[in-house]
Structures are given as C-alpha cells and as structure tokens.
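Topology and contacts: notes
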Amino acid sequence: MDAELIKLSSYYGAKVRSEGHQGRKTVQDLYKKHLAGREKALLDSAALATGLSSIFYGDRLDESLITPQMDEAFQLAFPTTSLDEAAGMGAEQLAGLVSAWKGKYFEVLVRDKLNEGEYVGDIHLEPGQTAELAESAVQPGWDLVITDDSGAVVEELSLKATESIGYVKEALERYPDIAVLVTDDVLADVDGTADMIIGSGLYNGDIEQAVEAPMASLFDSVSEDILEALLPGLPFVLIAVGEGRHLITGKRSFQQVLPAILTRSAKTGTAMGAGLLTSLILPDVFGIIVGTGVRMAFSRSERAGSTVVFIDEKTELILPMAGKYA
C-alpha cells in the first residue's frame, strides 16, 4: 500500500508540475468572476440609490420647513386646495401661489405678534384688546381688525407684504380711511401719505424666502425636469449598456446577453420595490438603504452559489479516490 501511495504521489506531483498552471488558472478565473460580479452589483446599487433619490427628493415639498403659522396661512389663502397639489403646478401657477401664501403668512405673523404682546411697528395692543384676521380671503378694505374686550372695533388695518409702493397707494386710494401696515421694503418710497402707512419691522424678502423654501425643488428648469424624469430609469439603462457592450465586442451572443440583462434588471427592480415599500413606513433615507442592501444581498447570494458549484464539481472528482485509499 505504501509503495502504491508513493507511486500515486509521484504521478500527481509530476502532473501538477506539468499542468498545475491550469488549476491555478481555474481558481483565478473564479476569483475574476467573483470580482466582476461584485463590481456589477456595486454599479447597480449606486445607480439604484440615484434612481430612488430622484423619486424621493425630486419635485416634492419639504414639509419639515412648514411651520404651523405657514400651514394656517396656506389654509386661509386656499381653503379648498391641498399643499401637495403644488408639486403638479407650472411656474406661473407656483408664482401665484407664493404671492397669495406670502400675503396671508404676513397677516398671520402680524396677528400673532400683536396678540403675544409684541409691538408691530408702532402698533401695540392695550389690555383686553385682540387682533383678528378677516374671515374671508377677499374681505374688502381691511385684513386685520383690533377689538376691545367688549367686541367693539378699535381699528381696522390693511396689510400688504410687498416691495411695490404703487400697490400700497392703490389700496389707500380705494380705502383712504384704512391705514396700511406694510413690510419695511417700501418705507423708503413713502411720500405724502406717510401718516397712513405703517412699517411692520418685517421684510417682504424674508417672508417670501420662508414660503418658497419648502417648495425649492419645484422651481426647476426644463433641463432639470427632464433629468428628474430620466433618473429613475438610470439603473436599467446602465445594465443594458453594460451587458450590451459584450454583444457589440463579440464576446457574447445575443442569447447570452439577453438573460443577463433580464436577470440584473429583475434583481434591481425588486430591490427598488423594496426601497419604495420601506419609504411608506419609514423616512425616505431608509428606503435607499434597504434598496441598495437588497441589491447587494442578491449579488452575494449569487456569488456564493457559484463558488459552491465550483467546489462541488471538484469534490465529485476527488471522492472516487477516497474510497480506494480509505
């Protein structure tokens, strides 16, 4: 038996010395395949994250920037409209929305400051007095009324958040007995009507910026809108291009390329679906994390399966000898 084993050892030693490079090449090919699979998975995951980000963060409101006062102002200005509808508006509609929302937000700010005991310009409430906004968004003449503890009207005011003195003068021409409380932007242009125009200490630009901030992503250019529309499909475009180049270079046939495209696309699509479902119950960032995690998990499972198949094939070649020399 010992002599036979020595003979067998010498035989395979010589075989390895003469053909060993082939074995090493097989392992190297497996390693290269492993790396290629990992690179594809990383590329698909990066593209998937980009696609999900465009879905989650493109053309949508940032509700975290909407204060309770801003929300109340919108409801007062647009009682039958949901703020979510802004995402589907064009540039002209958005401009109109911002203008109306800004004006009503100014009114809410002034009302709250007065009722909290603060000065707004030269105006300050006496004990028992209350500031209230007009119930109708189209109330003629005045926007805010100050009443005493008996409900009697102390003063009516028109409120204008604007940078245009002409807009203020127009209000005074129509209602000359009602003073206009304005944003301070127009005070430098006030002339003989100064006694009827009151500065508020607030600025139109600041109010407008606060209203526009939650809708910043809605004010996109045409090119940005096109880009946002295309980005969700980016993962599938990259997959088609990446696999298609093998067909163009002649390394693979169409029958080999098509299944590869479909397989990678199915995995990426499933991962994107998992990310979208996650975003329904958790913050959007977790949807991106879950989506990329699922895609990488698919890849790890596939690579592990390929390694197991390789080991099983080589084991089947070795096992017959085990019985002979046991």
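Below is a summary of the structure that appears in this document. (Residues numbered from 1 in each chain as written. Predicted model: local features only at pLDDT ≥ 70, side-chain atom pairs only at ≥ 80, totals over all residues. Heavy atoms only, no water.)

Description of the nonpolar core
- Judged by nonpolar contacts, the single largest core of 36 residues is most densely connected at Trp101, Val110, Leu114, Leu144, Leu157 and Met215.
- Breaking this core down by element, the ones donating at least two residues are helix H2 (68-77), helix H3 (91-115), strand E1 (130-133), strand E2 (144-147), strand E3 (153-160), strand E4 (179-182) and helix H5 (204-212).
- When residues of this core are assigned to their parent elements, the largest contribution, 10 residues, is made by H3.
- Residue contacts for Leu144: discarding those within four places in its chain leaves Val110, Arg111, Leu114, Ala131, Glu132, Leu133, Glu155, Glu156, Leu157 and Leu159.
- Counting residues in hydrophobic clusters, the runner-up holds 8 residues, among them Ile165, Leu172, Val182 and Val186. (Core = buried A, V, L, I, M, F, W, Y, C linked by side-chain atoms within 4.5 Å. Buried < 20%, exposed > 50% of the residue type's maximum accessible area, 1.4 Å probe, protein only. Helix = DSSP H or I, 4+ residues; strand = E, 2+ residues; numbered from the N terminus. Contact = heavy atoms within 4.5 Å.)

Here we look at H5
- Those residues of H5 not exposed but buried are Asn204, Ile207 and Val211. One face of H5 carries all of its buried residues, which in axial projection span an arc of 70°. Facing away from the buried side of H5, by more than 90 degrees, are the exposed residues Asp206 and Gln209.
- Among the structural elements, H2 and H3 are those in contact with the buried residues of H5. (Arc of directions from axis to C-beta.)

A look at the environment of Val237
- Among the structural elements, Val237 can be located in helix H7 (residues 234-248).
- Separated by 24 residues in the primary sequence, Val237 and Ile261 place their C-alpha atoms 10.0 Å from one another.

Quick look at the sheet that holds E1
- Reading across the sheet, the 5 strands line up as E1-E2-E3-E4-E5 and stay open at both edges, with mixed pairing between neighbours. With one partner strand each, in any of the chains shown, E1 and strand E5 (197-199) form the two edges of the open sheet. Averaged over all pairs of adjacent strands, the angle between strand axes in this sheet comes to 30°, irrespective of strand direction.
- As paired elements, E4 and E5 share 3 bridges and run parallel to each other. Counted as the bridge partner of Val180 is Ile197 from E5.
- Its contacts with the sheet put helix H4 (residues 165-174) on E3, E4 and E5, and the angle it makes with E4 is roughly 155°. (Pairing = 2+ DSSP bridges. Axes fitted to C-alpha atoms, helices over the stretch in contact; angles between N-to-C directions.)

Digging into a negative patch on the surface
- Judged by side-chain charge, Asp62, Glu63, Asp84 and Glu85 come together as a negatively charged surface patch.
- Within the element layout of this structure, Asp84 appears in the loop between H2 and H3. (Patch = residues over 30% accessible without salt bridge, like charges linked within 9 Å, V, L, I, M, F, W, Y side chains within 5 Å. Areas by Shrake-Rupley, 256 points an atom, 1.4 Å probe, with all protein chains shown as cover. Salt bridge = Lys/Arg side-chain N within 4 Å of Asp/Glu carboxyl O. Lys, Arg positive; Asp, Glu negative; His and termini not counted. Charge placed at Lys NZ, Arg CZ, Asp CG, Glu CD.)

Some details on the pairing of E3
- Here 4 bridges tie E2 to E3, and the two strands are oriented antiparallel to one another. Residue pairing across strands places Val145 opposite Glu156, the latter belonging to E3.
- What sits between E2 and E3 in their antiparallel hairpin is a turn of 5 residues, with Gly151 showing a positive phi close to 90°.
- As paired elements, E3 and E4 share 4 bridges and run parallel to each other. If you follow Ser158 over to E4, its bridge partner there is Val180.
- As a crossover connection, the stretch from E3 through H4 into E4 is right-handed. (Right-handed = clockwise from strand over helix to strand, strands pointing away.)

Topic: the packing of H3 against H5
- Contact pair H3 / H5: the axes reach a minimum separation of 9 Å and the direction vectors enclose 115°. When the axes of H3 and H5 are compared, the pair comes out roughly perpendicular. Considering how the two elements wind past one another, H3 and H5 form a crossing that is right-handed. Where H3 approaches H5, its residues Val98, Trp101, Lys102, Tyr105, Phe106 and Leu109 are matched on the opposing element by Asn204, Ile207, Glu208, Ala210, Val211 and Glu212. (Parallel < 35°, antiparallel > 145°, perpendicular 65-115°, else oblique. Left-handed = near helix turned anticlockwise from the far one by under 90°.)

Remember, this is a structural readout, not a statement about activity or role.
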